[in-house]
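Below, each chain spelled out in residue letters.
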Amino acid sequence: EADIYQTPRYLVIGTGKKITLECSQTMGHDKMYWYQQDPGMELHLIHYSYGVNSTEKGDLSSESTVSRIRTEHFPLTLESARPSHTSQYLCASRLAGGTEAFFGQGTRLTVV
Amino acid sequence: ELKVEQNPLFLSMQEGKNYTIYCNYSTTSDRLYWYRQDPGKSLESLFVLLSNGAVKQEGRLMASLDTKARLSTLHITAAVHDLSATYFCAGTSNAGGTSYGKLTFGQGTILTVHP
């Protein structure tokens, strides 16, 4: 079983608030990813990191930012949440050279 | 840029029947993945296909990969209600450089199995 954790699982927050979605893995994986998934839709990559102090934007433009100060931790921050940010956010990790990506349980964000 | 397309997008099956979900991709993909997602849940890895001709089976599901045709299939044998879920295929591409293992997903196939 994969050891990758996301908190919170569910979040309802007002417009304009700053939020941070947490993602941690205990597998020592150097590659980590954030995907965004609207209900009933496919997943889109919004951020990825291939190691400490490396972050890159993904294929889908996002107003969120990420940081990677420690190998095991890859938080995602929205400085000012808007209703258009309502979505599910899934974190994943992979070992360099590994074949499989492991997904966290996801955070379902609703901005009202 | 890798594009991944699945069909059908919606599949309603009777229990006991067989069916196939198709996954076409646009450029060379290092690997092809199949995931299952239950409503409101995260993704569960089903199969990772690494090379042309690869075939993997787990229970009533069998996945195959044809890299020349840029096609992967997920075959369901004698469907049961518990297989109802959304199934995604995804690929990684290192065209133009290192992919860093970034996944490009298909649209997903919503499978409903009826008694």
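Structure: see above.
The rules behind these values
Residues numbered from 1 in each chain as written. Chains lettered and ligands numbered in written order. Predicted model: local features only at pLDDT ≥ 70, side-chain atom pairs only at ≥ 80, totals over all residues. Heavy atoms only, no water. Core = buried A, V, L, I, M, F, W, Y, C linked by side-chain atoms within 4.5 Å. Buried < 20%, exposed > 50% of the residue type's maximum accessible area, 1.4 Å probe, protein only. Helix = DSSP H or I, 4+ residues; strand = E, 2+ residues; numbered from the N terminus. Contact = heavy atoms within 4.5 Å. Salt bridge = Lys/Arg side-chain N within 4 Å of Asp/Glu carboxyl O. Disulfide = S-S within 2.5 Å. Pairing = 2+ DSSP bridges. Axes fitted to C-alpha atoms, helices over the stretch in contact; angles between N-to-C directions. Phe/Tyr/Trp six-rings, centres within 6.5 Å; stacked < 30°, edge-to-face > 60°. Lys NZ or Arg CZ within 6 Å of the ring centre and 35° of its normal.

Let us now look at the nonpolar core. Residues and elements named next belong to chain B. With 24 residues, the main nonpolar core has Leu32, Trp34, Leu74, Ile76, Tyr87 and Leu111 as its most contacted residues. Contributing elements (two or more residues each) for this core: strand S2 (10-14), strand S3 (19-25), strand S4 (31-37), strand S5 (43-49), strand S7 (61-66), strand S8 (71-76), strand S9 (85-92) and strand S11 (109-114). Those residues in contact with Tyr87 that lie beyond four places of it in its chain are Gln6, Ile21, Tyr35, Arg36, Leu46, Leu61, Leu74, Gly108, Thr109 and Leu111.

As a further point, take the pattern of salt bridges. Residues and elements named next belong to chain A. In total, this model carries 5 salt bridges over all chains according to the counting rule given. Close ionic contact of Arg82 with Glu63 constitutes a salt bridge, the shortest N to O distance being 2.6 Å. Of this pair, Arg82 sits in the loop between strand S8 (76-78) and strand S9 (87-94) while Glu63 sits in the loop between strand S6 (54-57) and strand S7 (65-66); the two residues are 19 residues apart in sequence, bridging distant segments of the chain.

Enumeration over the complete set of coordinates arrives at 2 disulfides over all chains. One disulfide bridge connects Cys23(A) with Cys91(A), the sulfur atoms lying 1.9 Å from each other. Note on the Cys23(A) and Cys91(A) pair: the S-S dihedral is about -75°, so by sign convention the disulfide is left-handed. Taken as a pair, Cys23(A) in strand S3 (residues 19-25) and Cys91(A) in strand S9 lie far apart in primary sequence, 68 residues in all. One disulfide bridge connects Cys23(B) with Cys89(B), the sulfur atoms lying 2.0 Å from each other. Measuring handedness by torsion sign, the sulfur bridge of Cys23(B) and Cys89(B) sits at about 85° and is right-handed.

This part takes up the sheet that holds S8(B). The strands that make up a sheet pair up through hydrogen bonds in the backbone, lying either parallel or antiparallel. Residue and element names in this part refer to chain B. Spatially, 5 strands are ordered S1-S3-S8-S7-S6 in an open sheet, and the strand pairing comes out antiparallel. Here the strands that pair on one side only, and so sit at the sheet edges, are strand S1 (4-7) and strand S6 (55-58). Taken over all neighbouring pairs, the strand axes of this sheet differ in orientation by 15° on average, direction set aside. Relative to S8, S3 runs antiparallel, the two sharing 6 bridges. The residue bridging Tyr19 from the neighbouring strand is Ile76, located in S8.

Before going further, it helps to spend a moment on the environment of Tyr25(B). All names here are of chain B. With respect to the helices, strands and loops of the structure, Tyr25 is situated in strand S3. Residues Tyr25 and Cys89 lie 64 residues apart in sequence; the distance between their C-alpha atoms is 9.6 Å. Look past the residues within four positions of Tyr25 in its chain and what remains in contact with it is Leu2, Lys3, Val4, Leu32, Leu65, Asp66, Thr67, Arg70 and Leu71.

Turning our eyes to something else, we now look at the packing of aromatic side chains. On inspection of all chains with the given rule, the structure shows 8 aromatic pairs over all chains. Look at Tyr33(B) and Tyr35(B): their rings are 6.2 Å apart centre to centre, the planes differ by 15°, and that puts the pair in the stacked class. The exposure class assigned to Tyr35(B) is buried, which follows from its relative accessible area of 1%. Pairwise contacts between aromatic rings join Tyr33(A), Tyr35(A), Phe103(A), Tyr33(B), Tyr35(B), Phe88(B) and Phe105(B) into one cluster. Here Arg68(A) stacks its cationic end above the ring of Phe74(A), 5.9 Å away from the centre of that ring.

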